[in-house]
Amino acid sequence: METQHKNILLTGEFQNIGFTFQVMKAAEELNICGYAVYQNSNTVKIEAEGKENDISEFVNWCKTGVPEAKISEITTSSDTVQDYYEFIINNNENIK
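Residues numbered from 1 in each chain as written. Predicted model: local features only at pLDDT ≥ 70, side-chain atom pairs only at ≥ 80, totals over all residues. Heavy atoms only, no water.

### Notes on the nonpolar core
Counted only if it meets this: Put simply, a nonpolar core is a bunch of buried Ala, Val, Leu, Ile, Met, Phe, Trp, Tyr and Cys residues held in one set by side-chain atoms that sit within 4.5 Å of each other. Three labels apply to residues, based on accessible area from a 1.4 Å probe with only protein chains included: buried if under 20% of the type maximum, exposed if over 50%, partly exposed otherwise in between. Strands here mean DSSP runs of E at least two residues long; helices mean DSSP runs of H or I at least four residues long; both are numbered from the N terminus.
Core analysis: the biggest nonpolar cluster contains 21 residues, and Phe19, Ile32, Ile46, Phe58 and Phe87 have the highest contact counts within it. If you list the elements that add at least two residues to this core, you get β1 (3-13), α1 (19-29), β3 (43-51) and α2 (52-64). For this core, the element with the most residues is α1, which contributes five residues.

This is how it looks when you write it as structure tokens:
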């Protein structure tokens, strides 16, 4: 299976619950590489790369995987594979 790249944008309430840490743990369990970054207090951007089935499972996890999070919107788009080799929590949007 070929590696896919998905941009995932989550909008909602997920401050002070360790949301990006939980995203990172789920990504690691599903062999997803990339990063998660808060764009502002109610938006998290995720770039995720992995096999098609793993990406699909990860996107579904993002919707409901953290019960304390109140996700109001999730958008996804495909993009060019960046060959990420790990998943990190990013404090700077200028990562590549």
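### Concerning α2
The condition that has to hold: Multiplying one less than the number of residues by 1.5 Å gives the expected span of a helix. It is the directions from the helix axis to the C-beta atoms whose arc is reported.
An ideal rise of 1.5 Å per residue puts 18 Å on 13 residues; α2 measures up with 19 Å between its terminal C-alpha atoms. Residues of α2 that are buried include every one of Ile55, Phe58, Val59 and Cys62, and no others. What you see down the axis of α2 is that its buried residues fit within an arc of 100 degrees, all on one side.

### Details of the packing of aromatic side chains
Note the following rule: Centres within 6.5 Å are what make two rings of Phe, Tyr or Trp a pair, Trp counting through its six-membered ring; a difference in plane orientation under 30 degrees is then read as stacked, over 60 as edge-to-face, and the rest as tilted.
Under the defined criterion, the tally for this structure stands at five aromatic pairs. Taken together, the ring pairs in this structure connect Phe14, Phe19 and Tyr38 into an aromatic cluster.

### As for unusual backbone geometry
Even without glycine at this site, Asn31 takes up a positive phi of about 60 degrees. Looking at the element boundaries, Asn31 is found in the loop between α1 and β2 (33-40). The class for Asn31 is exposed, based on a relative accessible area of 58%. At Asp83, a residue that is not glycine, the phi angle is positive and equals roughly 60 degrees. We classify Asp83 as exposed; its relative accessible area is 63%.

### Re the environment of Gly50
Threshold: Residues count as neighbours in contact if any of their non-hydrogen atoms are within 4.5 Å of one another.
Here Gly50 lies in strand β3. As a C-alpha pair, Gly50 and Gly34 span 16 residues in sequence and 9.0 Å in three-dimensional space. Not counting residues within four places of it along the chain, the set of residues in contact with Gly50 comprises Glu2, Thr3, Gln4, Asn31, Ile32 and Ile55.

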